[in-house]
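# Commentary on secondary and tertiary structure
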Number of protein chains: 2
Amino acid sequence: MKLYGYFRSSAAYRVRIALNLKGVEYETVPVHLLKDGGQQFSDSYKALNPTALVPTLVDGDLAIGQSMAILEYLEETHPEPALLPTDPAGRARVRAIAQTIACDIHPLNNLRVLKHLKHGLGVDEDTKNAWYRHWIDVGLTSVEAMLAGHPATGRFCHGDQVTLADVLLVPQVFNARRFECDLSAMPTVTRIVDACSELDAFVQAEPARQPDATD
Amino acid sequence: MKLYGYFRSSAAYRVRIALNLKGVEYETVPVHLLKDGGQQFSDSYKALNPTALVPTLVDGDLAIGQSMAILEYLEETHPEPALLPTDPAGRARVRAIAQTIACDIHPLNNLRVLKHLKHGLGVDEDTKNAWYRHWIDVGLTSVEAMLAGHPATGRFCHGDQVTLADVLLVPQVFNARRFECDLSAMPTVTRIVDACSELDAFVQAEPARQPDATD
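Residues numbered from 1 in each chain as written. Chains lettered and ligands numbered in written order. Predicted model: local features only at pLDDT ≥ 70, side-chain atom pairs only at ≥ 80, totals over all residues. Heavy atoms only, no water.

## A short note on the packing of aromatic side chains
Residues and elements named next belong to chain A.
- Inspection of the entire model under this criterion finds eleven aromatic pairs over all chains.
- Residues Y13 and F174 carry aromatic rings whose centres are separated by 5.6 Å and whose planes lie at 85 degrees to one another, so their mutual orientation is edge-to-face. Residue Y13 is located in helix 1 (residues 10–21), and its partner F174 is located in helix 8 (residues 164–178); the two are separated by 161 residues in the primary sequence.
- Judged by its relative accessible area of 3%, Y13 falls in the buried class. (Phe/Tyr/Trp six-rings, centres within 6.5 Å; stacked < 30°, edge-to-face > 60°. Helix = DSSP H or I, 4+ residues; strand = E, 2+ residues; numbered from the N terminus. Buried < 20%, exposed > 50% of the residue type's maximum accessible area, 1.4 Å probe, protein only.)

Laid out in structure tokens, this is it:
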């Protein structure tokens, strides 16, 4: 498999974690989101993924965009270790936590949106950073509420095994810390992220450890 | 089952379509997103869904938020008619189209974001509407590229059976038309939406037909 991504993309980071957890060998193909006006806009990349977003997973003839679609594909084709529980209610809870991050936090803060705020709406750097922190705060506050005190929450988001909820949570919290968001009101979130950080699959997926990483 | 939603919410609209396609009886519980400062912020609703977003599907003791998580739950618990293909590659394609809408278009344009643009960033009505149209244009242009000329595209997004891709596409195009977006460069998208509009499950899910609909 080949993973087209960018070291700082949190959507690519999710897929790296899942590939590592499942022990799937893959080749990294860097797509630099800033160089050359954004390599994701090249004709060759858009032929692979018309959304011009990263990541794209290529498995033989198949090219899949959208990290959640990729994660579900990996779950179906490489079921062990499972990253979704077996019961429909548990699967729904894990997917709801994951989608809260995938839909309600990340898309508001990704690079193209920040660029559009700056160049399309003409907002200044401080307003842009406040926007970023606002959606992280709103989103992670609701994730904290979904986790804290819920009987299914364990060492990880859902019980004591890693699931897709953790796979989504860790890159989002990584971004939150990079932008110096205040996470003091989210003790369950940070406890779970710390537990994940003890696992090699998460550590090896960190942005700074990728072949295309720069300062 | 009970579906907590709002007639104009396109995320609730998706779930209504799927419930109708699968022939699942459900009760509508209206959550008015504008009245009373937003009924989704009430303590009782947030106890059900901490994200304070609609929809929430309640099935017995289980409350599920996030429309994509709900749709996957319905697919697992009410598998007929299937809204995902059987092959992993096809499932990945359908989910990638669905997630492009669920992640890359809708969250940028939902009510809370438009309110934040207006009250948080102080943008005027014209700028807000231009923002709305911009993300629909970018997003549906890439959906058109995923569909047009792809060998798996049929009467619907993926072959000749309705899938989750169609379930997501129809409400998004409904919104696009409501905001008078130019869809002339998206003939495959509009052709498929027209095909869906011939099916009663889609028609009955339309916002204007819901018990909480107002002008």
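Having seen the structure, we can now continue with the description.
## Structural notes on the relation of the copies chain B and chain A
- Of the two same-sequence chains, chain B is brought onto chain A (RMSD 0.0 Å, axial shift 0.0 Å) by a rotation of 180 degrees. The two molecules are tied by a two-fold rotation axis, judged by turn and shift. When each C-alpha of chain B is compared by its distance to the rotation axis, C103 of chain B comes out closest, at 2.3 Å. (Least-squares fit on C-alpha atoms with pLDDT ≥ 70 in both.)

## Structural notes on the environment of V167 of chain A
All names here are of chain A.
- Structurally, the position occupied by V167 is in helix 8.
- Sequence separation between V167 and L53 is 114 residues, and the spatial gap between their C-alpha atoms is 19 Å.
- For V167, the residues in contact, after removing those within four places along its chain, are R14, I17, L21, L71, L83, V162 and F202. (Contact = heavy atoms within 4.5 Å.)

## Points about the sheet that holds strand 2 (residues 27–30) of chain A
Residues and elements named next belong to chain A.
- Here four strands make up an open sheet; going across it, the order is 2-1-3-4 and the pairing mixed. On the outer flanks of this sheet lie strand 2 and strand 4 (62–65), each paired with one strand and no other. For this sheet, the mean inter-axis angle between neighbouring strands, taken without regard to orientation, is 20 degrees.
- As paired strands, strand 3 (residues 56–59) and strand 4 are joined by four bridges and run antiparallel to one another. Looking across to strand 4, one finds that T56 is bridged to G65.
- Strands strand 3 and strand 4 of the sheet are contacted by helix 3 (residues 67–77), whose axis makes an angle of about 130 degrees with strand 4. (Pairing = 2+ DSSP bridges. Axes fitted to C-alpha atoms, helices over the stretch in contact; angles between N-to-C directions.)

## Overview of the packing of helix 8 of chain A against helix 9 (residues 187–196) of chain A
Residues and elements named next belong to chain A.
- Close contact between helix 8 and helix 9 brings their axes to 10 Å; oriented N to C, the two are set at 105 degrees. Taken together, the axis directions place helix 8 and helix 9 in an arrangement best described as roughly perpendicular. Only V189, T190, I192, V193, D194 and C196 of helix 9 make contact with helix 8, whose side of the interface consists of D166, L169, V170, V173 and R177. (Parallel < 35°, antiparallel > 145°, perpendicular 65-115°, else oblique.)

## Considering the domain arrangement of chain A
Residue and element names in this part refer to chain A.
- Domain boundaries assigned for chain A yield domain 1 (2–81) and domain 2 (88–201).
- Between domain 1 and domain 2, the contact holds 14 residues from the first and 19 residues from the second.
- Taken over both partners, the interface formed by domain 1 and domain 2 buries close to 1,700 Å², and the fraction arising from carbon and sulfur atoms is 68%.
- By the criterion of area lost to domain 2, the three top residues of domain 1 are Y13, R14 and M68, representing 33% of everything that side buries. (Domains from an automatic or database assignment. Buried area = accessible area lost by both parts, 1.4 Å probe.)

## Section: helix 4 (residues 88–104) of chain B
- When the terminal C-alpha atoms of helix 4 of chain B are compared, their 23 Å separation across 17 residues agrees well with the 24 Å that a helix rising 1.5 Å per residue should span.
- Helix 4 of chain B sits mainly inside the fold: 14 of its 17 residues count as buried. (Expected span 1.5 Å × (residues − 1).)

## Comments concerning the side chain of Q210 of chain A
Residue and element names in this part refer to chain A.
- Within the fold, Q210 resides in the segment after helix 10 (200–203).
- A polar atom in the side chain of Q210 sits 3.0 Å from the backbone oxygen of Q204.
- Separated by 2.7 Å, the side chain of Q210 and the backbone oxygen of E206 make a polar contact.
- When neighbours within four sequence positions are excluded, Q210 is seen to be in contact with F7, R16, Y26, Q204 and A205. (Polar contact = N/O pair within 3.5 Å; in protein donor to acceptor, adjacent residues only side chain to side chain.)

## With respect to the interface of chain B and chain A
- Taken together, the contact pairs 40 residues of chain B with 40 residues of chain A.
- Scanning the region where chain B abuts chain A turns up seven salt bridges.
- A salt bridge links R95 of chain A to E76 of chain B, with the shortest nitrogen-to-oxygen separation between them at 2.9 Å.
- Per-element accounting of the side of chain B that touches chain A gives the leading share, eleven residues, to helix 4 of chain B. (Salt bridge = Lys/Arg side-chain N within 4 Å of Asp/Glu carboxyl O.)

## Considerations on the sheet that holds strand 1 (residues 2–5) of chain B
Residues and elements named next belong to chain B.
- What the four strands build is an open sheet, ordered 2-1-3-4; its pairing is mixed. The strands lining the two open edges of the sheet, one partner per strand, are strand 2 (27–30) and strand 4 (62–65). Sheet twist, expressed as the average angle between the axes of neighbouring strands with direction ignored, equals 20 degrees.
- In this fold helix 1 (residues 10–21) packs onto strand 1 and strand 3 (56–59), with an angle of close to 155 degrees to the strand it touches most, strand 1.

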